[in-house]
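# Residue-level structure breakdown
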Amino acid sequence: MKINLIHISLLLGLSLSTNAGKAQSNVPQLGKSPVSEVVKAMTLEEKVHLVIGQGMYVPGMPMPGSGLPPTEAQKRVTGAAGTTGAIPRLNIPGLVVCDGPAGIHAFNGGKSRLYYATAWPIGTLLASSWDTALVRKVGVALGAEAKEFGIDVLLGPGMNIHRNPLGARNFEYYSEDPVITGEIAAAMINGIQHSGVGTSAKHFFANNQETNRNSVNTIISERAMREIYLKGWQIAVKASNPWTIMSSYNLVNGPYTSENPELLRTILKDEWGFKGFVMTDWFGGKNAVAQQIAGNHLVMPGLPNQKKDIIDAVKNKQLDEAVLDMNVTDILNIILKTPVFKGYKFSDNPPLTENAQLSREAAAESMVLLKNQGNALPIKAESKLAVFGNNQVDLVAGGTGSGDVTKMYIVPLADGLFKAGYQINPSLYSAYANYIKSEKAKQPKRSSLADLMSPITPIQEMSISIAAIKKAAAASSIAIIAIGRNAGEGNDRKEKDDYYLTEKELKLIADVSSVFHQQNKKVVVTLNIGGVVDVAQWRDKVDAILLAWQPGLEGGNAIADVISGKVNPSGKLATTFPAKYADDYSAKNFPGKEIPGSEKPGLFGQKQVDAEVIYEEGIYVGYRYFSSFKIPTAYPFGYGLSYTNFSLSNLKMSQAVLNNKIDVQLTVTNTGKVAGKEVVQMYITAPKSNLDKPAVELKAFAKTKLLKPGESQLVEFTISANELSSFNTEASAFIAEAGDYTIKFGHAEAALISGSFKLPNNVVVEKVNKVLVPKMTIKELRK
């Protein structure tokens, strides 16, 4: 199958969208008549036209039937990820949906209209802010920008859990923890939808790898699903009510997620009260009829055979038309909210300059200072810097694939440092700039599909002699080594030369550190990465490590803001950095195993093979594993330094016994010499019981305002039985068990202040349906 086939889906819908004419006054009209009357007036073909997407239209890309004109929706945003069918006679417009989670991604295939959008910090970086107000602010700006380009629904945010460090799309996602995931996602969704543009939170659910993503059967226990992989979704759905949700490619305990009514109807709608509609991931699942039955309303991007299959199924009584009516109703209720339905006159001219500044601020506010020995950072203005590493001139703004952004520019690190007033060693800079230019010229031209489905092979780190390093050291006061990584859709990361630094990178760090330290000069490493990398092999050689993640189009300026001290770093890790890859328990079974003899042709000429992955770690994901089994980490979940110091004091609890709720408050004080912000993290340790439980679990968090030296702020939390509950599989319920609980504030491996309280009796917090049951016994990890 070629990507050109996407356009074929126009064939079945063309007559509906072009020959139906304008809205007819003698039939119900969407927005004027009750939705139920509009649905009743629709023909079967019109209903199917609405639940099957209309494909993509990319000018300049050869397509079958290229003489066909684009639909109105496709002309609105050329190169958008997809559109829905319009039915003009009933006043139903076509929607435009567009990637993605870190900014707008449209194919600039035509010369008539080009899109340049703000590349925002990636999801993992924003989550590292632990600042829901900041994330909501970014969401408001992203939604407003999308609205000005004529987009109705943004395909994001990404909400999958960081199960394993090698997951290629971890950059799109927020955290290894469901509370951070749910709260940050809710802030982003609320922000985007505040601007009048919808979201499609993705990928629902347990889409934690790219390897065999279209065919892997993810086998998870009911408890691990409920506590880890569904919990963040539950938080976000209830706190933000996303307009749409995107089902994932994978299967879970047997069925495809897009074909599973237990997931999409029982859990999502019945248990959580979701009121929007569900769309497939692009070409996701196998059976459009089964998807309609399951509650997967919209099939994307849409193919002709899928329309025929649904029409035939209704006529043959294999699909009750009432199910189709229910799905159509949910879609129409969302269409009523959209910019296109409300007649919004988009400008194609969003405030990109202002948004770039906000992107810069959000990136700097979210970066994590991992090490700062001897106050190597911040660096004094006008210092002479020797900057090493390819990444200084080739910054990675964000990951590849649908999470990429159509951006006009990227500010490299070297440029940002220069603009901040530092003196950059000119010979070093020229050597790296010329090397990168030469190596990029050697790279073969890639197709749009190749760019979408796999990152380009990284350029090997430039070799540099000891003599050149000594010459740079003699002319500079400090060294900065820039390390970069990229990953994205289609292929998971590798352990060798990706998670672990390459031999050339390790040699560069060792040589630069040795030479500069011999001259009593410090060495700083910047990590411009999309996923966790090893730091244990080399961190003792350097003085400071700044984790910038992938900071968006203003990345170089944002990093310079932190290095210069213009911004005091206040980010904390939302994902653990293990001491070594093998220490992560999921490394034992990631990305699962392929089923012999099952290979068959897949999408876009790729092979597809049946596979399965068993989540044997159960609930022990990320810090829950490391803290419970006392496995040393390089840097723990929740960790991050500042240029100042903070104290936590005066912990007060409204009562010592939890009956209904306990109000908790404590004081945060800036005890250092510069202004800064602090993240307060509340963890709970449960009493011992028959149910295995992690040593600590994050239950709530808050970020202070900018505190001046000596200034304090009171931070408040509330504890209820909900925060204490664990999922009991036998009872199919979340139950808070009686006993003595400890409340801790700090990070996952250190409590700075703690208290205790008692729950006198068991409390059933939530009874749920027994669904998504694994069909095999899972030998889960236990303490």
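A short tour of the structure in this document, coming up. (Residues numbered from 1 in each chain as written. Predicted model: local features only at pLDDT ≥ 70, side-chain atom pairs only at ≥ 80, totals over all residues. Heavy atoms only, no water.)

### Observations concerning unusual backbone geometry
Definition in use: Secondary structure follows DSSP: runs of H or I at least 4 residues long count as helices, runs of E at least 2 residues long count as strands, and numbering of each begins at the N terminus. Accessible area is worked out with a 1.4 Å probe on protein chains only. A residue is then buried under 20% of its type maximum, exposed over 50%, and partly exposed in between.
Omega for the peptide link from Asp-99 to Gly-100 comes to 5°, which places this bond in the cis form. Look at Asn-212: it is not a glycine, yet its phi comes out positive at around 55°. For Asn-212, the location among the structural elements is in the loop between β4 (198-204) and β5 (216-219). The backbone of Asp-348 shows a phi angle near 60°, a positive value even though the residue is not glycine. We classify Asp-348 as partly exposed; its relative accessible area is 34%.

### A closer look at the sheet that holds strand β30 (residues 763-767)
In plain terms, the rule: Pairing between strands is defined by DSSP: at least two bridges between them are needed. Whenever a helix is involved, its axis is fitted only over the stretch in contact; in every case the axis is a line through C-alpha atoms, and angles between N-to-C directions fall within 0 to 180 degrees.
Ordered in space as β26-β27-β30, the 3 strands form an open sheet in which the pairing is antiparallel. The sheet is open, and its two edges are formed by β26 (726-728) and β30, each paired on a single side. On average, each strand axis in the sheet is tilted by 35° relative to the strand beside it, whichever way the strands run. Sheet topology note: the β26/strand β27 (residues 733-736) ladder contains 3 bridges and is antiparallel. Across the sheet, the residue bridging to Ser-726 is Ile-735, located in β27.

### Quick look at the nonpolar core
So the rule is basically this: Among the buried residues, those of types Ala, Val, Leu, Ile, Met, Phe, Trp, Tyr and Cys that are joined through side-chain atoms within 4.5 Å form a nonpolar core. Whether two residues touch is decided by their heavy atoms; if any such pair falls within 4.5 Å, the residues are in contact.
In terms of nonpolar packing, the biggest core is built from 87 residues, with Trp-130, Ile-180, Phe-204, Phe-205, Ile-220 and Leu-698 touching the most fellow members. When residues in this core are grouped by element, the largest group, 8 residues, is from helix α7 (residues 178-194). The residues touching Phe-204, leaving out its near neighbours within four places in the chain, are Leu-230, Trp-233, Ile-245, Met-246, Ser-247, Ser-248, Thr-257, Leu-263, Leu-264, Leu-268 and Trp-272. Counting residues in hydrophobic clusters, the runner-up holds 78 residues, among them Met-367, Ile-480, Val-542 and Ile-563.

### A closer look at the side chain of Asn-250
Inclusion rule: Counted as a polar contact is a pair of N or O atoms within 3.5 Å, where, for protein atoms, one must be capable of donating a hydrogen and the other of accepting one, and residues adjacent in sequence contribute only when both atoms are in side chains.
On the secondary structure map, Asn-250 appears in the loop between β6 (244-247) and β7 (251-252). Given the relative accessible area of 1%, Asn-250 is considered buried. Polar side-chain contacts of Asn-250 include one of 3.3 Å to the backbone oxygen of Phe-205. Looking at Asn-250, its side chain comes within polar contact range of the side chain of Ser-248, at 2.8 Å.

### Considering the environment of Val-621
Of note, Val-621 is situated in the loop between β19 (611-614) and α22 (623-628). For Val-621 and Pro-178, which are 443 residues apart along the polypeptide, the C-alpha to C-alpha distance reads 10 Å. Apart from residues lying up to four places away in sequence, Val-621 is in contact with Ile-161, His-162, Arg-163, Glu-176, Ile-228 and Tyr-229.

### Overview of the sheet that holds strand β21 (residues 646-653)
Sheet architecture is open: 3 strands sit in the order β21-β22-β25, paired in antiparallel fashion. Looking at strand neighbours, the two that pair on one side only are β21 and β25 (712-720), the edges of this open sheet. The average angle at which neighbouring strand axes cross in this sheet is 25°, direction not considered. Sheet analysis places β21 next to strand β22 (residues 661-670), joined by 6 bridges and oriented antiparallel. If you follow Lys-652 over to β22, its bridge partner there is Gln-665.

### Topic: the pattern of salt bridges
For clarity, the cut-off: Any Lys or Arg side-chain nitrogen found within 4 Å of a carboxyl oxygen on Asp or Glu counts as a salt bridge.
Applying the stated rule across the entire model yields 39 salt bridges. In this structure, Lys-47 and Asp-325 form a salt bridge, with 2.7 Å as the shortest nitrogen-oxygen distance. You can see Lys-47 sitting in helix α3 (residues 44-51) and its partner Asp-325 sitting in helix α13 (residues 321-335), a full 278 residues away along the chain. The exposure class of Lys-47 is buried, given its relative accessible area of 5%. Residue Asp-325 is classed as partly exposed on the basis of its relative accessible area of 23%.

### Things to note about helix α20 (residues 503-518)
Threshold: A helix is expected to span 1.5 Å multiplied by its residue count minus one.
Taking 1.5 Å per residue, 16 residues should reach 22 Å; α20 reaches 22 Å between its end C-alpha atoms and fits that length. Within the sequence span of α20, burial applies to Glu-505, Leu-508, Ile-509, Asp-511, Val-512, Ser-513, Val-515 and Phe-516. For α20, the secondary structure elements touched by its buried residues are β10 (384-388), α16 (426-442), α18 (466-474), β12 (478-484) and β13 (522-528). Positive backbone phi, at 55°, marks Asn-520, one or two positions downstream of α20.

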